[in-house]
Each structure stands twice: as C-alpha cells, then as structure tokens.
Amino acid sequence: MSINTVYQLFNIIKSNFFSIVFLSIFIIVIQYYINYFNRPSRLPGPFPLPIIGNIHQIGSDLAAATDEFNKKYGDLYEFYMGSSPIVVISKPNLVEKVWGSSSLKTTKFIMRNSYSEGIDELGLGTKGMVLNRNIEVWAINRKFMNVISSPPFLRESINLSSKTIDKLFEYWKIIEKEGAQIDISRWIDALGADIVATTATGKGIAATTKLFDELNIENKKSKIQGIWQNGVKFTKAIHKYNESMAFMMLLPKNFRKNFPLIKDLNKNYLDNKDWIYQELDRIVSEKQKEIENTPLDQPLEPNILTLLLTTNTERDLDKISVSKFDRPLTNDEVISILREVFTGGLDTTSNSVSFLMFYLAKHREVYLKMRQEVLDVYGTLDNPVLTLESYGKLKYTEAVINEGIRIFPSVSSIPRAATEDVEFDGYTIKADTTVYTDFNALNHNPKYFKDPEIFNPDRFLTDKESFTKYSYIPFGNGVRVCPGRAWAMAQMKTFLIKLVCTFDIDSNDKNDTPKYVYRTFQAHRKFNKMPSIRHTFSKYAFSKILPIVPSRMHLRKVDSMCVKLKSPSDIIIIPLIPNIDPHLDLI
Ligand code: HEM
C-alpha cells in the first residue's frame, strides 16, 4: 500500500469518524443479539444488554439479584455477565444432577466454574481447591486438606477454640458490666479470625484483644506479644480477596480493565492478592525455620501449617496426619492450601455464627432449649468438659445450627460447571457453562420447608421424609463437597455450648431483620459501607448480652424455664455430613 493510499484512507476515516463508530457499535449490538437469540438453551431470564449483559441489574449484590430473578423467572433461568451465560437452578432434581455424584469417574460437574481469566489473575485457576480447574493438582490438595476433618485435628481445634472463646467472653463480661452494647458481627468476625489464624499457623493475631482495646474501657492497652503483627490486616485482606472472587469471575475482562472506577477496583483487588501471597510466603518461611531450629526430640506445635510442612518428612506429626504421600509438599502447594484454609474458613463460619446469634437473640425459647440440652449432656453448665465424642449427642444444638444456615446462609449460592453438555428439563446446557445453585431460593421455598421464614430448629428433628432429597445441602455434596464442614460444625458447637453456659441473650428489636453485605459470601453487618440493591442501612444494634453466673440457684432457675426435650428415641436426625468419602477414588 502506497503512502498516498494510506493518506486517502485516513481522510475517509477522519471525515466519516462518527458514522464508522456508529456502524461498529451497530455491528457489535446486532452480533450480540444474533448470538443471544440463537443460543442453544433459550432459558427464561432477564433481557441482557450488549457488552454488559445483566451487570446493571446485579450491581454488587448477587444474592439480592438472584432473589429477585428467582421470583420472576422461577427455579431454572439464566442471566448474562457480558456475553457469558450463567445458569441458576433451585430445583432438587437439577441440584442432584449437579451435585449428586461422589465419584470423579461419574460426575460431569467436576469444575467449579467456566474458564475465567480473572480467576487466573487471582492465582486461583490452577492452584488450591475452590476454583482450581486443574483436577490433578486439585485432587492432591484435597487429600492434604482432608486432615482438617480427622478426629485428632478436630480434638486439637476444640481445645484451641475453647481457649479463644473463653478469652472473648472475659471481654464481654467486662463490657456488659459497663452496660455497653456490642456489635455482634464485628466481635464474631474477630473471634473467627483469631480461631482460624491460630489453628492455621500456630500464631495468635489478637483480633478480639484489639477490638476490646478500641473500647478503651480499662484506660490501658493490653500487652500483646509474640503475635503475627500483620495478622488482623491479613484476615481483612482475605475478606477482600473473597469479595474479589465473584468480581473477577463474573465481570468480563474488558469491562474490568477499562471501565472508569471499575478498573481502579480491579487493580486494588490484584494488589491485595499480591500482598496476601507475600505475607503467606513470609509466614511459611518463618515456620520452616522454626521447625528446622526445633531439635528432633522436641515436639512441634500441631497447627495446619506445621502439618503441611512436615507431612512425609522426618518430622511428620503422625498424631494428626491422616494421608500418606511419598513426597513432601512444595512451598507453592503449602501456600495455596494455607490460603484456602483462610479463604474457605473465615467468612463462612463466622458469618454463620453471627447470623445464628441474631436469631437466638430473637428466639429465647430456642436458646433455653439448647441450654437444657447442654445441661442434659454434660450434667453441668459450669465449665463442662468438651470432647469431640460428646458433640455427637448435641442433636438439638446441631438442629439449631442447621436452621441458622438454612434461614440465612453465608454461602447463598455457589457454582459448579460441567465438562460436557447436559440436559436440564429439556434445555441443553453447554459444557463449561457456570451453573449456580441458589441455596437461598431452595431454603426459602415453601415446597421444601414449611413456613420457611420462621426460625424453627425443630424441623430438623422431625420426620426425615418431609425433606425432599437435595433440597438442603449447605456444605455442597459429592466430589467437591466442603472439606471444612466438620471443622466448621465443631467450631460452631463449641461456641454455642460456651455461650449458653455463660450468657443470656436478648434482642433489642424483635422485628428487626439481619443486615448483610454481599462479598461472595453473605457477611453479617451492623454498618454497611457498600451500596446494596436490597437494603438501606441504618444504625443498628440488636443484642443485649447478659452474663449468667453458673451457680446452683441459677441452674434451678434455668431448669424451670426450659422446655424439656423429647426423649431421644422420638427424635429422627437428618445427618448434616454425608457419610461418604468423596475422595476414595481420586488417586
Ligand atoms: C458454615 C461454614 C461453611 C459453609 C456453609 C461452607 C460451604 C461450602 C460449600 C457449599 C462449598 C461447595 C461444595 C461443593 O461444591 O460441593 C464449599 C467448598 C469449600 N469449602 Fe466450605 N463451607 C464452610 C466452612 C468451611 C471451612 C471452615 C473451610 C476451611 C478450610 C472451608 C473450605 C472450603 C473449600 C476449600 C472448598 C472448596 C472445595 C473444592 O472445590 O474442592 N469451608 N464450602
């Protein structure tokens, strides 16, 4: 092409600039809708806009948006993020198709989500577990992660959680004496951070102590020594990292990288990820040195990081290690698994406890019934000896937890994706389409739960037959079922037992509803800084915490107020944790 032709072309473009831009947009729009109207599935759902899909209707709160969509389009529909379809289901027969299989050989839904560049940018597409698409690497990580459901680990974790909860309650007693009200969501968040950080790394982060110091009640700062100095900052960065997962997974790359404000958020999320990995790298190296400097005849502290670093080495902590491999983990693998303990373990459990506290404060009869059960099982409310074995007897407490997770699940929906095309009620869902199961919609459907808006733990103790199969799977099911479920249950039970032994709680406003902010998980919040489609947030405090003194006199008083449980033979329990080991055929 001669210089002359280029010049002529340039002139044509210059004089027709607006027409060319308009024509390009027109072609993009036509192309978008040709693809849309010729899509293979043609599921119902909100009408998408070119380039952005339904992003404008979803905003920052996927949970609120899927609530609305569910009401309009039912229990099988699709929405669009850019030009990618997202299918949403809340029908037990379809849930079974997605989550039913416990074998790698038979499941079609082995992937968490369709390929996403954003997830790779977060370092998650080929590492760790939750969003890992490399099945070989994922399977190895899962084997190592299984340690956190082993009885020796759970026993250690009960001891550790107990100590951390005792410390928290000491603070609450002081606060109560001062007549102050507490923001449950912040305190439970801090408690969860303390428990997870110490169990994961062996290092305290003093999150509850720092919160107590903020109140300045005793006019002095606590002496905090030997802690992970960046620990609290780290757990906050993990909250942000979790928040960024839905953002990076759902928003199209061009939108994330070019749209004003969104591109700044995108950069902020990626910087946050880099900081997390730097911090993890530092913590892992420190622990490695600590292990190297500990003489062979001296015991190592049993925490998850030490376990990961010592498995298949001469220092293997056999007493809580469950899986045997012929090689130690690489540093990169250790960091990914440790990161997963934080991303999976922080928001989920603490928010579940926080929402539970909200409902218990409103339903004193449930609280007292739970206290009665603790008294029946341990024979005392005065510092009962907590054992893993005794936890199996706490059927009502387990029902309370189940009901809490049902009525306000911190994990409101979660995706899986198939490796081949599948049929959903006559619609073809193409391979590698992200399929969300909407737990919120399932849990609030009167077809599956009578009076779903009522907090009623007894429903989990009545006839098992009344539950439709696959209508309630708070921890998922099958090959990718939550590996932290037993640990989460042990933490929640420890907290509730100690709570009913130590405090009475009451609600300031019985008509109040829980406030939350969506950040991949539903996080319980008193104040919300982020805009949300569904709620406008106002000043909000719900709980009055009253310590009880576990004296004989008080016990009698508690006894007379309690509703007696039915005899155990009348109670049919729906097992929360399926008795299957989904990993038997993995390696
Ligand atoms: C109340 C607490 C929790 C709830 C409701 C919850 C819920 C879930 C759900 C629904 C899934 C998807 C499972 C599936 O695809 O079948 C999941 C996966 C996962 N959870 Fe949890 N979880 C909780 C606590 C924890 C804890 C304490 C950990 C700590 C380690 C954890 C780590 C994970 C991981 C790593 C995955 C990904 C598994 C995979 O893709 O292979 N979770 N969780």
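Residues numbered from 1 in each chain as written. Predicted model: local features only at pLDDT ≥ 70, side-chain atom pairs only at ≥ 80, totals over all residues.

Chemist: Hey, could you run me through the site of the ligand in this one?
Modeler: Near the ligand, the surroundings consist of 30 residues, among which Gly344, Gly345, Gly476, Cys482 and Gly484 are the closest. Among the secondary structure elements, those contributing two or more residues to the shell around the ligand are helix H15 (331-362), strand E3 (413-417) and helix H20 (485-502). If one sorts the elements of the shell around the ligand by residue count, H15 sits on top with 7 residues. Residue classes in the shell around the ligand are distributed as 15 nonpolar, 10 polar and 5 charged. (Near = placed C-beta within 6 Å. Helix = DSSP H or I, 4+ residues; strand = E, 2+ residues; numbered from the N terminus. Nonpolar A, V, L, I, M, F, W, Y, C, P; charged D, E, K, R; others polar.)

Chemist: Mind showing me how you'd approach the sheet that holds strand E1 (residues 76-81) here?
Modeler: Backbone-to-backbone hydrogen bonds join strands into a sheet, with any given pair of strands oriented parallel or antiparallel. Taken together, the 4 strands give an open sheet; going across it, the order is E1-E2-E6-E3, and neighbouring strands pair in mixed fashion. Of all the strands in the sheet, just E1 and E3 have a single pairing partner and so form its edges. The sheet shows a mean angle of 30° between the axes of neighbouring strands, direction not considered. Of the strand pairs in this sheet, E1 and strand E2 (residues 84-89) are connected by 6 bridges, and their pairing is antiparallel. (Pairing = 2+ DSSP bridges. Axes fitted to C-alpha atoms, helices over the stretch in contact; angles between N-to-C directions.)

Chemist: What is the right way to look at helix H18 (residues 395-407) in this model?
Modeler: In an α-helix, one full turn covers 3.6 residues, which means residues spaced three or four apart are oriented alike. With 13 residues, H18 should reach 18 Å at 1.5 Å per residue; the first-to-last C-alpha distance of 18 Å fits that figure. Within H18, 12 of the 13 residues are buried, which leaves the element mostly enclosed by the surrounding structure. Listed as buried for H18 are Tyr396, Thr397, Glu398, Ala399, Val400, Ile401, Asn402, Glu403, Gly404, Ile405, Arg406 and Ile407. Looking at the buried side of H18, the elements it contacts are H15, helix H16 (364-378), helix H19 (439-443) and H20. (Expected span 1.5 Å × (residues − 1). Buried ≥ 20, exposed ≤ 12 C-beta atoms within 10 Å, placed from the backbone. Contact = placed C-beta atoms within 7 Å.)

Chemist: Looking at this structure, how should I read unusual backbone geometry?
Modeler: The phi angle of most residues is negative, glycine excepted, and most peptide bonds adopt the trans form. Phi at Asn216 is positive, roughly 55°, even though this residue is not glycine. Position of Asn216 among the secondary structure elements: in the loop between helix H10 (207-215) and helix H11 (231-250). Given 9 C-beta atoms within 10 Å, Asn216 falls into the exposed group. Of note, Leu261 is a non-glycine position whose phi angle comes to about 70°, a positive value. By secondary structure assignment, the location of Leu261 is in the loop between helix H12 (253-258) and helix H13 (262-292).

Chemist: Explanation requested: the UniProt feature "binding site: heme" (unreviewed entry) in the protein in the structure shown.
Modeler: Under the UniProt annotation, "binding site: heme" (unreviewed entry) lies at Cys482. Along the chain, Cys482 turns up in the loop between H19 and H20. When residues no more than four places from it in sequence are discounted, the contact partners of Cys482 are Phe475 and Gly476. (UniProt positions renumbered as here; feature names shortened; annotations may be inferred.)

Chemist: I keep staring at the nonpolar core and nothing clicks. Help me out?
Modeler: Nonpolar side chains tend to gather and get buried jointly when the protein is soluble and globular. Counting residues in each nonpolar core, the largest one holds 82 residues, and the members touching the most others are Leu308 and Leu338. When residues of this core are assigned to their parent elements, the largest contribution, 14 residues, is made by H15. If you look at the next biggest cluster of nonpolar residues, it comprises 49 residues, including Ile55, Leu76, Val98 and Met245. (Core = buried A, V, L, I, M, F, W, Y, C linked by C-beta atoms within 7 Å.)

Chemist: Explain the pairing of E3 here, please?
Modeler: The buried fraction of E3 amounts to 5 of the 5 residues, a majority that puts the element mostly inside the structure. Residues Ser413, Pro415 and Ala417 point to one face of E3 and Ile414 and Arg416 to the other, with burial holding for every one of them. One ladder, built from 5 bridges, connects E3 with strand E6 (residues 434-438); its direction is antiparallel. Across the sheet, residue Pro415 finds its bridge partner in E6, namely Tyr436.

Chemist: How do you make sense of the packing of H18 against H20 when you look at a structure like this?
Modeler: Two quantities define a packed helix pair, namely the angle between the helix axes and the distance between the axes. Packing of H18 against H20 brings their axes to within 10 Å, and their N-to-C directions diverge by 110°. Taken together, H18 and H20 sit at an angle that is classed as roughly perpendicular. Where H18 crosses over H20, the two elements pack in a sense that is right-handed. Contacts between H18 and H20 involve Thr397, Val400 and Ile401 from the first element and Met489, Met492, Lys493 and Leu496 from the second. (Parallel < 35°, antiparallel > 145°, perpendicular 65-115°, else oblique. Left-handed = near helix turned anticlockwise from the far one by under 90°.)

Chemist: What should I look at first to understand the confidence of the model for the protein in this one?
Modeler: Parts of the model with low pLDDT should not have their predicted coordinates read in detail. For the protein, per-residue confidence averages 83 on the pLDDT scale, and residues scoring 70 or more make up 85% of the total. A low-confidence stretch, residues 526-544 stays under pLDDT 50, and its non-local contacts, those more than four residues away or across chains, total 46 contacts. Counting contacts from residues 547-587, a segment whose pLDDT is below 50, to residues more than four positions away or on other chains yields 61 contacts. Confidence estimates for the predicted assembly give a pTM of 0.86 and an ipTM of 0.99. (pLDDT = per-residue confidence, 0-100.)

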